[in-house]
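Inside the fold
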Amino acid sequence: MRVRSLCYFLEEALKSILRNGWMSIASVGVVAITLLILGSFMIISINVNLFTEDVKEQVQIVLYIDETANEETRLELERRLVSHPDLEEVRFVSKDEAMERLKQKMGDQAYLLEGYEGEEDNPLRDSYELRTTVPEDITAVAQQIKNYPGVGYVDYGSGIVEPLFQFTGLIRLIGLAFMAGLAVTAVFLIAHTIRLTVYIRRKEIMIMKYVGATDWFIRWPFIFEGSFLGMTGAIIPVLIIFYGYQAAVLWIQNNIHFIPLIPPQEITTEMIKLLLPLGVGLGVLGSVISVRRFLKV
Amino acid sequence: MIEIYHLHKEYEQGVAALKDINLTIDRGEFVFIVGASGAGKSTLLKLIIREILPNKGSIKIFGRDIVRLKNREIPLLRRNIGMVFQDFRLLQDRNIFENVAFTLRVTGASTREIRKRVPLALSLVGLKEKAFKKPNELSGGEQQRVCVARAIVNRPSILLADEPTGNLDPGTSMEIMNLLHDINVRGATVIVATHAKDLVDHFQKRVVVLEYGSLVSDQERGVYINAR
C-alpha cells in the first residue's frame, strides 16, 4: 500500500466517522456496551472459578480412627489409604497436633483448654486428613472408606460440599452460555450498524466502481473506520471495568473477607488483551461483511 | 476499438434484452444508440463497462475480449471508459472540484496531478468558476457538465453516456450534446444512448437503432428512425 493511498484511506475513514457523527457514536456505543457486558461476565466467571478452586482446595475428608482399634489394624488402615487410587494426599494428625490447632484457633480463649492436655486427658482423637485427586469424587470415596476396619467415622462436610459444587457448576454454565450469546449478538449489531454507514455511502461506492476503483481501494477506508470504531468501543469498557472492578474489590475486601479475588491490575491486563483485539476484530468483520454486498457493480 | 459479435443477453426472468447484436465502433467515432425504453440501450452500455455479463457472444475492447476479464482486471478497463448518467450521480456532500477529483483519487493520482487536471476538465465543461460550489447549488445542466468533467478527467479513450439529456430541457440538452461532440472532436470515442429525436437528427452522426433487443438499423450520418 502506497503512503499516499494510506493517507487517503485514513483521511476518508476519519471524514466518514465525522460525517456520520451520530451513527459513529451509536456504533461505538454498541461495541462498548457489548464488550462491557462481556467483560463483566468474564470477571465474574474468572472470580467464581477462582472461588471454586479455592473451595475445592479446602475440601477434605477427615477420618477419625476408632480408639478401640489395635496397632496392627491402624497400620493396615494407613496402608490401604496410601495405596488408594483416588486419594492424592493422606496426612496423619495426632490428637496432640489436633489439640495444638484447636488452641491456635481459639486464640485468646485457649486457656479454656488447660487441663485437657496430655496423653490421658486429651479428649480428641487421632485422625487422617485426606484429599481426593478429583474434588468432586469426595462423597464416593468417603462412602467407600467409611467401612474400612479401624475407622471410627468420616467427616467430609456432606450437605455443604455437594450443593456448592452444583451451584458453582451452574454459575459457570450460565456465564458461558451468556457470553456465547452476547458475542454473537455483538457481531450482529456491529455488522448491522456499519452496514448502515455503508448503505449511506452506497452511491459513492457505486461511482467508485464505475470510475475504476479496485475493490480493495473501496474496502480499506471502511476497514479503518470499522477498526477505529471498534477500538474506541473497546477502550471505554476497559476503563470502566478497571475503575469499577477496583472499587468492587475494595468494597468486597472491606465487607466480605473470605472471598478470594483476582487483583485489578491483572484483570485489566487480561481485559486489554481480550477486549481490544475483539473490538477491532468486530469492527473489521462488520465492515467487510457490510461492504461486500455493495461491491457487486 | 469496440467489436461486438453475436451478443446475447437475457435477464433472469427470461426476457431477452439483446439478441444477436453485431457492431463495430472505430476509434474516434461518435455513435448514437437509439430506441424506445426497453429496447436494450442501457443493457448494451452496461455490457460494455462490464457491469453485467452476456449470455452469449463477445465484446472486444482494445482488442481484448472483456467477457473473459478477471474481476481484478475490471477496474483497469473502467479507467479507460468514462460514464455519464441520466441522473448525474454526483456526491452532494462534496463540492464540484472534489466530485471531479474523485475519479483521479480512486485511481491513486497524486495531489499535484489532481490540481492540474481537475481545473482543466472543469474549464473544458465551462464550470471553472463554480469549482467550490456544491452540486445542489447548480442547475441540472451544470450538474450534468460536472458529470461529464468527472467522466473525462482521467482522459479515457471511450466516453459512454446513458440518456445524458433525459432530465434536461431542450436548450440545455443541446448544450450537453455539443459538449459531448467537443470531447469527440478532441479524440475520444463517444457513444450516446438516447431517445431525443431532435438532437439525433441535428447532429447527423452514426445512428444505431435497437428495437426489442435487436439491431434493426445502422446508418452513417443517420436520423432517428421511429421504429416502434
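Worth saying up front: this structure is predicted, and the values here are computed from it rather than measured.

Quick notes on the overall build of chain A
Secondary structure summary: chain A contains nine helices and four strands in total. Ordered by position from the N terminus, the helices and strands of chain A form the series α-α-β-α-β-α-β-α-β-α-α-α-α. Taken over C-alpha atoms, the radius of gyration comes to 31 Å for chain A, far larger than the 19 Å a tight globule of 297 residues would show. Overall, chain A is about 100 × 40 × 35 Å in size when its C-alpha atoms are taken along their principal axes. A total of 297 residues make up chain A; the buried ones form 40% of that total. Considering only contacts within chain A whose residues lie at least 6 apart along the sequence, 82% involve residues at least 24 apart. Within the structure as shown, chain A displays about 16,700 Å² of accessible surface, and the carbon and sulfur contribution to it stands at 63%. For chain A, the separation between the mean place of its 27 positive charges and that of its 34 negative charges on side chains is 25 Å.

So, helix α9 (residues 264-292) of chain A
Taking 1.5 Å of rise per residue, the 29 residues of α9 of chain A would be expected to cover 42 Å, and the 41 Å separating its terminal C-alpha atoms lies within 8% of that figure. Restricting attention to buried positions, one finds in α9 of chain A the residues Pro264, Ile267, Thr268, Met271, Leu275, Gly279, Leu282, Gly283, Gly286, Ser287, Ser290 and Val291 of chain A.

Things to note about the interface of chain B and chain A
Opposite the 21 residues of chain B that make contact, chain A presents 18 residues. When residues of chain B are sorted by the area they lose upon contact with chain A, Arg78, Arg89 and Val106 of chain B head the list and together hold 28% of the total. Between Arg94 of chain B and Glu12 of chain A there is a salt bridge, with the nearest N and O atoms lying 3.7 Å from each other. Listed by contribution, the elements that provide at least two residues to the side of chain B that touches chain A are α2 (74-78) and α3 (96-105) of chain B. A breakdown of the residues in the side of chain B that touches chain A according to their chemical character gives eight nonpolar, five polar and eight charged.

A look at the nonpolar core
Ranked by internal contacts, the top residues of the largest apolar core, which has 76 residues, are Ile4, Phe32, Ile61, Val118, Leu122, Leu160 and Leu180 of chain B. Among the elements that make up this core, the one with the highest residue count is helix α5 (residues 140-152) of chain B (six residues). Sequence-distant contacts of Ile4 of chain B, defined by excluding residues within four places in its chain, comprise Ile21, Asn22, Leu23, Leu44, Ile48, Ser58 and Ile59 of chain B. Core analysis: the next-biggest nonpolar cluster, separate from the first, contains 20 residues, Ile194, Val198, Met208 and Phe224 of chain A among them.

Side note on unusual backbone geometry
All names here are of chain B. Here His6, not a glycine, exhibits a phi torsion of approximately 45 degrees, which is positive. Assignment of secondary structure puts His6 in strand β1 (residues 2-10). Classification of His6 as partly exposed rests on a relative accessible area of 49%. One non-glycine residue, Arg50, lies in positive phi territory at about 60 degrees. A relative accessible area of 10% places Arg50 in the buried class.

Some thoughts on the packing of α3 of chain B against α5 of chain B
All names here are of chain B. For the pair α3 and α5, the least separation of the axes is 7 Å and the interaxial angle reads 30 degrees. Taken together, the axis directions place α3 and α5 in an arrangement best described as roughly parallel. In this structure, the crossing between α3 and α5 has a hand that is right-handed. Listed contacts from α5 to Ile96, Asn99, Val100 and Thr103 of α3 are Val146, Ala149 and Arg150. Tallied by class, the residues present in the contact of α3 with α5 amount to four nonpolar, two polar and one charged.

Some thoughts on the pattern of salt bridges
All names here are of chain B. By the definition in use, this model includes 29 salt bridges over all chains. The closest approach of N and O atoms between Arg117 and Glu113, which form a salt bridge, is 3.0 Å. With Arg117 and Glu113 both in helix α4 (residues 111-124) and four residues apart, the pair spans about one turn of that helix. What makes Arg117 buried here is its relative accessible area of 15%.

Side note on the sheet that holds strand β3 (residues 30-34) of chain B
Residue and element names in this part refer to chain B. The sheet built from six strands is open, its strands ordered β6-β7-β8-β3-β9-β10 with mixed pairing. Where the open sheet ends on each side, the last strands, each with one partner, are β6 (81-84) and β10 (214-219). Within the sheet, the average angular offset between the axes of one strand and its neighbour, ignoring direction, is 15 degrees. Where β6 and strand β7 (residues 158-162) come together, four bridges link them in parallel fashion. What sits directly across from Gly82, in β7, is Leu159. Across the sheet, α5 lies against β6 and β7, angled at about 170 degrees from β6, the strand it touches most.

What to know about the pairing of β1 of chain B
Residue and element names in this part refer to chain B. Strand direction decides the pairing type here: β1 and strand β2 (residues 16-25), joined by six bridges, are antiparallel. Residue pairing for β2: Ile2 is matched across the bridge by Ile25. Between the end of β1 and the start of β2, which pair antiparallel, lie five residues, with Gly14 showing a positive phi angle near 90 degrees. The pairing of β1 with strand β4 (residues 56-61) spans five bridges and is classified as antiparallel. Paired with Glu3 across the strands is Lys60, a residue of β4.

Points about the layout of surface pockets
Residue and element names in this part refer to chain A. Approximately 640 Å³ is the volume attributed to the largest pocket. What lines the largest pocket is a set of 22 residues, among which Gln60, Val62, Tyr64, Lys105 and Asp155 lie closest to the centre. Of the residues forming the lining of the largest pocket, the biggest block, four residues, is contributed by helix α4 (residues 95-106).

Comments concerning the confidence of the model for chain A
Across chain A, the average pLDDT comes to 82, with 96% of residues at 70 or higher. Confidence, expressed as mean pLDDT per element, reaches its minimum in chain A at helix α6 (residues 161-200) of chain A with 75 and its maximum at helix α8 (residues 215-255) of chain A with 88.

Considering the domain arrangement of chain A
Interface size is commonly expressed as the accessible area that is lost once the parts come together. Partitioning chain A into structural domains gives domain 1 (3-55 + 163-295) and domain 2 (60-155). Here domain 1 of chain A and domain 2 of chain A have C-alpha centroids that lie 53 Å from each other.

Examining a nonpolar patch on the surface
Residues and elements named next belong to chain A. A cluster of nonpolar side chains, contributed by Leu14, Phe228, Met231, Ile235, Leu239 and Tyr243, occupies part of the molecular surface with about 580 Å² of accessible area. Among the elements that line the nonpolar patch, the one with the most residues is α8, at five residues. For Phe228, the position within the fold is in helix α8. Residue Phe228 is classed as partly exposed on the basis of its relative accessible area, which comes to 39%.

The rules behind each value
Residues numbered from 1 in each chain as written. Chains lettered and ligands numbered in written order. Predicted model: local features only at pLDDT ≥ 70, side-chain atom pairs only at ≥ 80, totals over all residues. Heavy atoms only, no water. Helix = DSSP H or I, 4+ residues; strand = E, 2+ residues; numbered from the N terminus. Rg over C-alpha atoms; globule rule 2.2 N^0.38 Å. Buried < 20%, exposed > 50% of the residue type's maximum accessible area, 1.4 Å probe, protein only. Contact = heavy atoms within 4.5 Å. Areas by Shrake-Rupley, 256 points an atom, 1.4 Å probe, with all protein chains shown as cover. Lys, Arg positive; Asp, Glu negative; His and termini not counted. Charge placed at Lys NZ, Arg CZ, Asp CG, Glu CD. Expected span 1.5 Å × (residues − 1). Buried area = accessible area lost by both parts, 1.4 Å probe. Salt bridge = Lys/Arg side-chain N within 4 Å of Asp/Glu carboxyl O. Nonpolar A, V, L, I, M, F, W, Y, C, P; charged D, E, K, R; others polar. Core = buried A, V, L, I, M, F, W, Y, C linked by side-chain atoms within 4.5 Å. Axes fitted to C-alpha atoms, helices over the stretch in contact; angles between N-to-C directions. Parallel < 35°, antiparallel > 145°, perpendicular 65-115°, else oblique. Left-handed = near helix turned anticlockwise from the far one by under 90°. Pairing = 2+ DSSP bridges. 1 Å grid on protein atoms, 1.4 Å probe; cavity = no way out; pocket = protein on both sides within 12 Å on 5 of 7 lines; lining within 4 Å. Points joined across faces, edges and corners; volume = space filled by probe spheres on them. pLDDT = per-residue confidence, 0-100. Domains from an automatic or database assignment. Patch = residues over 30% accessible without salt bridge, like charges linked within 9 Å, V, L, I, M, F, W, Y side chains within 5 Å.

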